[in-house]
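Tertiary structure, described
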Amino acid sequence: MQKNDNKNIILTGFMGTGKTTVGKLLARKLKRDFIDTDKLIEDRQGITIPEIFTDLGESAFRQMEADIARELGEREGLVISTGGRLMLDPANVAALSGRGRVFCLVATPEEILSRLKNDKDNRRPLLDVPNPGEHIVKLLQERKTGYQRFLKLATGDKQPADVTEKLLDFIQRSPGYFTIDSPAQSYEFIVGNGILPFTCELAGTDGMVVIITDTVVGKLYAQSCGSVDHVITIPPGSQQKTLTAVQTICDQLLDTGFDESGTIIALGGRKVCDISGFVVGTFMRGVRLVQCPTSLPAMIDIIVGGKSSADLPQDKNLMDTFKQPSMVIADVVTLTTLPAEDLLSGMAEVTKYRLRADDAPTKDILNILQALSSPVVAAAK
Ligand code: S3P
C-alpha cells in the first residue's frame, strides 16, 4: 500500500455526531491508539470540560485545544476524535491535517439533540441554555462554512458499527489523499479504487445536487455517484465546450430550480470538467463544485486545479476563469472503460508530468495515480 497508510485519522463534526463512539470502533479495527482531545484535556487538567469553562474560561479551553492540535500533529498512526470546534480554527487544521485524513461526521439538529440528552455523563457547557434545540440550529448555521471543507459522513439514522465499516471501506479504497492548498480555498484530492459511490455522501450538501456529464460517461457512471436531483448530459466530442453548451447547461440548472445552496458534480474527461468549472465559476460563483475526472489527462489537469474554460468559434479556450473545486474524487475504476490508446497516452502524460513536477504534493498524486492505473493499463494492453 501507499505511504499515506500511517496518517492519523481525524474525526471532527458538531457535538453529538458520534465522533468518540465511531473513533473508538475505528481505532480497534485499525489496531491503532485512540485519542479523544476533550478527554485528554480533562485528564491533564484534572477537572471536567464544564469546570474548565467556568473556572478558566472558554478562551483558556480553546488554547488547550490549540496546544493539543500542535502536539498531535507531530504524531502518526492515531485515530483522533476532536472537540466539536477544534477543527474550525485554521491553525489547528494546519497543524493536524499535514499528517492526517480528516472526516466530518454529520447529523440533523434533532438527532444531535436527542443524543446529547442521552449523554448525561458529558455535559456540553455551550448548550447549558434555556432552549438547547434552538441553540444547536444557530451554532450549526454559524459553523456551516467551517465544516463544509471536510469530507462528510452521515451518522444520523445509522448504527456506529455501520458508520465505522463505511469509513474503513473508504479509507482502504483511497490510498491517495492530499490537501491542495490554494489561496481561494483548500480542498481534498482523493485518488482511489471504487470511490465514486461515496461522492454524494462525502460532499454532504443540504441543497440540490446536479451532475454534469456527457452521454457516454453519464450512462456508465452517473448512477454510481449516489442519489442526485438531476443529471445534465452534453454530447461527447468537440461540441462540448461551446457557448451553446454553456447555455444549455445554465438553462437546465435554472429549470430545475438550482440555486447557490447546490452542488455541481462534474463527471467526465477534460472537457466536461473544464466546462463545468466554467459554468460554476461564471454563472454561479458561490456554488460548490465536486470534480470527478474520469480520464487520466483530466485527473492530471485538476491537480493544477481551478483552470476552466469554454471555446469560441475562432479558437479553443478563449473564454476562461478559475474555479477551485471543493473536492476531487479521482476513481481509477473509471479508467477501465477507456479505449486502450487513451489509457496509454494518459499514462505517458502521467510519466511526463512526474518527471517535470517539482512540488511534493503534485509528485505524490502522480505517483499514486501511476500506481493505481498501472494494473488497469496492463489489463487493457
Ligand atoms: C465543543 C464541543 C465539545 C467540547 C466543548 C466545546 C464545541 O466536544 O469540546 O464542550 O464548541 O463544539 P464534543 O464535540 O465532543 O461534544
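Counting from 1, residues in each chain are numbered in the order their sequence is written. Since the coordinates come from a predicted model, pLDDT governs what is reported: local features require at least 70, and pairs of side-chain atoms require 80 or more to be given and counted, while whole-chain, interface and lining totals use all residues.

**Brief notes about the overall build of the protein chain**
- Per the secondary structure count, the protein chain includes 15 helices and 14 strands.
- A globule of 381 residues ought to have a C-alpha radius of gyration of about 21 Å, and the protein chain, at 22 Å, matches this closely.
- Referenced to the eigenvectors of the C-alpha coordinate spread, the extents of the protein chain come out at roughly 70 × 45 × 35 Å.
- For the protein chain, the proportion of its 381 residues judged to be buried stands at 42%.
- Here contacts are defined at the residue level, using C-beta atoms placed from the backbone and a cut-off of 7 Å between them. Partitioning the intrachain contacts of the protein chain with sequence separation of at least 6 by distance along the chain shows that 72% fall at a separation of at least 24. Where helices and strands are cited, they refer to DSSP runs of H or I of at least four residues and of E of at least two residues respectively, numbered from the N terminus. Radius of gyration means the value over C-alpha atoms here, while the globule rule gives 2.2 Å times the residue count to the 0.38 power. Working definition of burial: number of other C-beta atoms within 10 Å of the residue's own, with buried at 20 or more, exposed at 12 or fewer, and partly exposed in between, all C-beta atoms being placed from the backbone.

**Side note on the packing of helix 14 (residues 340-356) against helix 15 (residues 360-380)**
- For the pair helix 14 and helix 15, the least separation of the axes is 10 Å and the interaxial angle reads 155°. Regarding the angle of helix 14 to helix 15, the classification is roughly antiparallel. The two elements helix 14 and helix 15 meet at a crossing, and its hand is left-handed. Here Ala340, Leu343, Leu344, Met347, Val350, Tyr353 and Arg354 of helix 14 come into contact with helix 15, specifically with Lys363, Leu366, Asn367, Leu369, Gln370, Ser373, Val376, Val377 and Ala380.
- Across the contact of helix 14 with helix 15, the residue classes break down as 11 nonpolar, 3 polar and 2 charged. The axes used here are C-alpha line fits, helices contributing only the stretch in contact, and every angle between their N-to-C directions lies in the interval 0 to 180 degrees. Relative orientations are named as follows: roughly parallel for angles under 35 degrees, roughly antiparallel for angles over 145 degrees, roughly perpendicular for angles from 65 to 115 degrees, and oblique for any other angle. Handedness of a crossing follows from how the near helix is turned relative to the far one, being left-handed for an anticlockwise turn of less than a right angle and right-handed for a clockwise one. Think of it as three bins: nonpolar holds Ala, Val, Leu, Ile, Met, Phe, Trp, Tyr, Cys and Pro, charged holds Asp, Glu, Lys and Arg, and polar takes everything else, Gly as well.

**Quick notes on the domain arrangement of the protein chain**
- The split of the chain into domains comes from an automatic or database domain assignment. The assigned domain composition of the protein chain is domain 1 (3-173) and domain 2 (176-380).
- Summarising the inter-unit geometry, the C-alpha centres of domain 1 and domain 2 are found 31 Å apart.
- With 11 residues of domain 1 at the contact, the number on the domain 2 side is 15 residues.
- For the side of domain 1 that touches domain 2, the secondary structure elements donating two or more residues are strand 4 (100-106), strand 5 (151-154) and helix 8 (160-173).
- Across the side of domain 1 that touches domain 2, the residue classes break down as 5 nonpolar, 2 polar and 4 charged.

**Details of the sheet that holds strand 5**
- Across the sheet, 5 strands lie side by side as 2-3-1-4-5; this open sheet has parallel pairing. Both outer strands of the open sheet, strand 2 (33-36) and strand 5, are each paired with one neighbouring strand and no more. Taken over all neighbouring pairs, the strand axes of this sheet differ in orientation by 25° on average, direction set aside.
- We call two strands paired when DSSP finds no fewer than two bridges between them. Looking at chain direction, strand 1 (residues 8-13) and strand 3 (residues 78-81) are connected through 3 bridges and run parallel. Within strand 3, the position partnered with Ile10 by the bridge is Ile80.

**Re the site of the ligand**
- The ligand sits among Met15, Lys19, Asp38, Ile49, Gly83, Gly84, Arg85, Arg124, Pro125 and Leu126.
- Along the lines of polarity and charge, the residues of the shell around the ligand split into 4 nonpolar, 2 polar and 4 charged. Using a C-beta atom placed from the backbone, a residue is described as near a molecule or strand when that atom lies within 6 Å of it.

**Focus: the sheet that holds strand 10 (residues 263-268)**
- If you trace the 7 strands from one edge of the open sheet to the other, you get 6-7-14-11-10-8-9, paired in mixed fashion. The outermost strands of the open sheet, each flanked by one partner alone, are strand 6 (176-180) and strand 9 (230-234). Between one strand and the next, the sheet's axes are offset by a mean angle of 15°, whatever the strand orientation.
- Pairing geometry for strand 8 (residues 209-214) and strand 9, over 5 bridges, is parallel. The partner of Ile212 across the bridge, within strand 9, is Ile232.
- Against the sheet, helix 12 (residues 270-282) contacts strand 8, strand 10 and strand 11 (288-293), and its axis sits at roughly 160° relative to strand 10.

**Some details on the packing of helix 2 (residues 37-45) against helix 4 (residues 58-72)**
- One can describe the packing of helix 2 onto helix 4 by two numbers: an axis separation of 10 Å at closest approach and a directional angle of 110°. By the angle class used here, helix 2 and helix 4 are roughly perpendicular. Facing Thr37, Leu40 and Ile41 of helix 2, the residues of helix 4 in contact are Met64, Glu65 and Ile68.
- Among the residues forming the contact of helix 2 with helix 4, the class breakdown is 4 nonpolar, 1 polar and 1 charged.

**Some points on the nonpolar core**
- In this description, a nonpolar core means buried residues of the types Ala, Val, Leu, Ile, Met, Phe, Trp, Tyr and Cys, linked to one another by C-beta atoms lying within 7 Å. Counting residues in hydrophobic clusters, the biggest one holds 99 residues, and the most contacted among them are Phe103, Ile265, Ala266, Leu267 and Ile329.
- Three or more residues apiece are contributed to this core by two domains, here domain 1 (3-173) and domain 2 (176-380).

**Brief notes about the environment of Glu201**
- Structurally, the position occupied by Glu201 is in helix 9 (residues 199-203).
- Placed 26 residues apart in sequence, Glu201 and Ser227 show a C-alpha to C-alpha distance of 9.0 Å.
- If we ignore the near neighbours within four places in the chain, the residues touching Glu201 are Lys152, Leu153, Ala154 and Gly226.

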